[in-house]
Amino acid sequence: MPSADPLVDRMRGFGTTIFAEMSALAVRTDSINLGQGFPDTDGPPELLAAAVEAIRTGHNQYPPGIGIVELRRAIAGHQRRHYDLDYDLESEVLVTAGATEAIASAILAFAGPGDEVVVFEPYYDSYAACIALGGAQRRAVTLERSGNGWRFDPQALTAAISPRTKAILLNTPHNPTGKVFDAAELSQVAEIARQRNLLVISDEVYEHLTFDGRTHIPIATLPGMRDRTVTIGSAGKTFSVTGWKIGWVTAPARLVTAVRTVKQFLTYVSGAPFQPAVAQALDAGSYGALAGGLQQQRDLLCDGLADLGFDVVRPEATYFATVDVQRDAVEFCRELPHRAGVVAIPSSVFYDSSAGDTLVRFAFCKRPDVLAEALRRLKEAAP
Ligand SMILES: *Cc1c(COP(=O)(O)O)cnc(C)c1O
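On a predicted model such as this, the values are computed, not experimentally measured, just so you know.

Another point: the overall build of the chain. Across its full length, the chain holds 13 helices and 15 strands. For 383 residues, the compact-globule estimate of 2.2 N^0.38 gives 21 Å, and the chain sits close to it at 20 Å. When the backbone C-alpha atoms are referred to their principal axes, the chain occupies close to 60 × 55 × 50 Å. Taken over 383 residues, the chain has a buried fraction of 56%. In the chain, of all internal contacts separated by at least 6 residues, the share reaching a separation of at least 24 is 76%. Each charge class in the chain was averaged separately, 36 positive and 44 negative side chains, and the resulting centres sit 3 Å apart.

Here it is in structure tokens:
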């Protein structure tokens, strides 16, 4: 007789996500969904046309396991042009099924039972699930609110590391806080990684979605770090095509080989017609305009929330703004669709500690008219 719940022990607690609950609630209450982090407009028309053309011209069978050469060349070119990082397109670049598969493959490649992975909380939800899938343990270091930003205590980072730690999982620009780690902070992370001989998995999917002239710094550019860092990027965020699931890894050959060993048994390959399209777009560098539009959307939402009396932290990058609602965030988010017809996500689900209990995440990667209507509705829930 099979047991009532066949789910393997290590995945218990990852059943129904808050995203599924809140999206269902959004539909049921006809709410504006500012929970989910995907844009409601399409990526650049040339990019879409290139994918259509690729389907028409026969790019529809399994691409090479490592990704098509044009895309690997474009990724290597992108890292060189923007960051002066050199990667060999034959052995140091890997195309994945979105950043999600890159993250999963890297974690599963490096951390197994008895191992630990250090993450910054709030953390992206797939990190916790993948660490659990691998049978490893996560150790969270809190990004503390400080005025209109977020900081971590380097001593807390040092304290989170044990002899079992295999890797530090970094995410900059950071979801959900919108923090861009600056050079000094990255130096602190790098110093600890070097001292303790740790790998760094660096999720940089928002690298081009920074605001106010801020620039993203890959941790692989810091002294001694290229050799121990797996850098992850994604076309989904860079080009506003989140459904395409084209991501990539750049790292030294021995790390790419390890990640690829896992990756080949997850999806093997994906996205044949999207790969040439993304290659063209990366070569053309056609992503500058997106951040400008997004910055205006950030201002619209953040100014509007502040005018309503909400305590909002203005993000430096990404799709998300955080509001401290000064009461239980899960309760607030469950009520919000009924009170105001808007859905948001309680950031508390991205924490192990109680530091995020009153924090709520709003996505602003939505059309200005949608944000304006959401703000009109949110008057009902103003403090
Ligand atoms: C969206 C997102 C991802 C997933 O990227 P895909 O390319 O869609 O798989 C990974 N990390 C963070 C922080 C994200 O916000």
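Right, let's talk about the pairing of strand E8 (residues 199–203) for a bit. Burial within E8 is extensive, with five of its five residues counted as buried. Of the pairings in the sheet, the one linking E8 to strand E9 (residues 229–234) comprises four bridges and is parallel in character. Its bridge partner being in E9, aspartate 203 is matched across the sheet by isoleucine 232.

Summed over all chains, the structure comprises 10 aromatic pairs. With a centroid separation of 6.0 Å and an interplanar angle of 35 degrees, the aromatic rings of phenylalanine 19 and phenylalanine 350 are classed as tilted. Highlighted residues: phenylalanine 19 in helix H1 (residues 18–29) and phenylalanine 350 in the loop between strand E14 (345–346) and strand E15 (359–363), separated in sequence by 331 residues. By the burial criterion, phenylalanine 19 is buried, and phenylalanine 350 matches it. Plain terms: the ring middles of tyrosine 206 and tyrosine 319 are 5.5 Å apart, the flat faces sit at 80 degrees to each other, and that makes the pair edge-to-face. With tyrosine 206 in the loop between E8 and E9 and tyrosine 319 in the loop between strand E11 (311–313) and strand E12 (320–324), this pair connects stretches of sequence that are 113 residues apart. One exposure class covers both tyrosine 206 and tyrosine 319, and it is buried. Here the aromatic residues Phe120, Phe152 and Phe181 are joined through ring pairs into a cluster of three or more. Geometry around phenylalanine 181 places lysine 179 over its ring, the cationic atom sitting 5.0 Å from the centre. Across from the ring centre of phenylalanine 320, 3.6 Å away, lies the NZ or CZ of arginine 361, which sits over that ring.

Moving on, we come to the site of the ligand. Not every one of the 13 residues close to the ligand is listed here, only the nearest: Thr100, Asp203, Tyr206, Ser234 and Lys237. Measuring from an oxygen atom of the ligand, one finds a backbone N or O atom of alanine 99 at 2.8 Å. For the ligand, whose free accessible area comes to 390 Å², the fraction covered by protein is 95%. Of all the elements, helix H4 (residues 98–110) adds the most residues to the shell around the ligand, at four residues. Residues of the shell around the ligand, tallied by class, amount to five nonpolar, five polar and three charged.

Attention shifts here to the sheet that holds strand E3 (residues 116–121). Pairing within the open sheet is mixed, and its seven strands lie in the order E2-E10-E9-E8-E7-E3-E4. Either end of the sheet is taken by a strand with one partner, and the two such strands are strand E2 (93–97) and strand E4 (137–142). For this sheet, the mean angle separating the axes of adjacent strands, direction not counted, is 25 degrees. Across four bridges, the pairing between E9 and strand E10 (residues 246–250) is antiparallel. Paired with isoleucine 232 across the bridge in E10 is valine 249. Strand contacts of helix H3 (residues 69–83): E2, E9 and E10, with the helix running at about 115 degrees to E2, the strand carrying the most contacts. Of the strands in this sheet, E2, E8, E9 and E10 are in contact with helix H9 (residues 253–263), which crosses E2 at around 25 degrees.

Our focus in this paragraph is helix H5 (residues 125–133). Of all nine residues in H5, seven are buried, a share of seventy percent or more. For H5, the set of buried residues is Ser126, Tyr127, Ala128, Ala129, Cys130, Ile131 and Ala132. Downstream of H5 by a residue or two, glycine 135 has a phi angle that is positive, lying close to 80 degrees.

The linkage connecting threonine 172 with the following residue, proline 173, adopts the cis geometry, with an omega of -15 degrees. With respect to the helices and strands, the residue proline 173 is situated in the loop between strand E7 (165–171) and helix H7 (183–195). Omega for the bond connecting asparagine 175 with proline 176 falls within 30 degrees of zero, at 15 degrees, which places this linkage in the cis form. For proline 176, the position within the fold is in the loop between E7 and H7. Non-glycine residue serine 240 carries a positive phi angle of around 60 degrees. The residue serine 240 is located in the loop between helix H8 (235–238) and E10 in this model. Given the relative accessible area of 12%, serine 240 is considered buried. Despite not being glycine, tyrosine 268 has its phi angle at roughly 65 degrees, a positive value. One can find tyrosine 268 in the loop between H9 and helix H10 (274–284).

Cut-offs and rules
- Residues numbered from 1 in each chain as written.
- Predicted model: local features only at pLDDT ≥ 70, side-chain atom pairs only at ≥ 80, totals over all residues.
- Heavy atoms only, no water.
- Helix = DSSP H or I, 4+ residues; strand = E, 2+ residues; numbered from the N terminus.
- Rg over C-alpha atoms; globule rule 2.2 N^0.38 Å.
- Buried < 20%, exposed > 50% of the residue type's maximum accessible area, 1.4 Å probe, protein only.
- Contact = heavy atoms within 4.5 Å.
- Lys, Arg positive; Asp, Glu negative; His and termini not counted.
- Charge placed at Lys NZ, Arg CZ, Asp CG, Glu CD.
- Pairing = 2+ DSSP bridges.
- Phe/Tyr/Trp six-rings, centres within 6.5 Å; stacked < 30°, edge-to-face > 60°.
- Lys NZ or Arg CZ within 6 Å of the ring centre and 35° of its normal.
- Near = heavy atom within 4 Å.
- Polar contact = N/O pair within 3.5 Å; in protein donor to acceptor, adjacent residues only side chain to side chain.
- Areas by Shrake-Rupley, 256 points an atom, 1.4 Å probe, with all protein chains shown as cover.
- Nonpolar A, V, L, I, M, F, W, Y, C, P; charged D, E, K, R; others polar.
- Axes fitted to C-alpha atoms, helices over the stretch in contact; angles between N-to-C directions.

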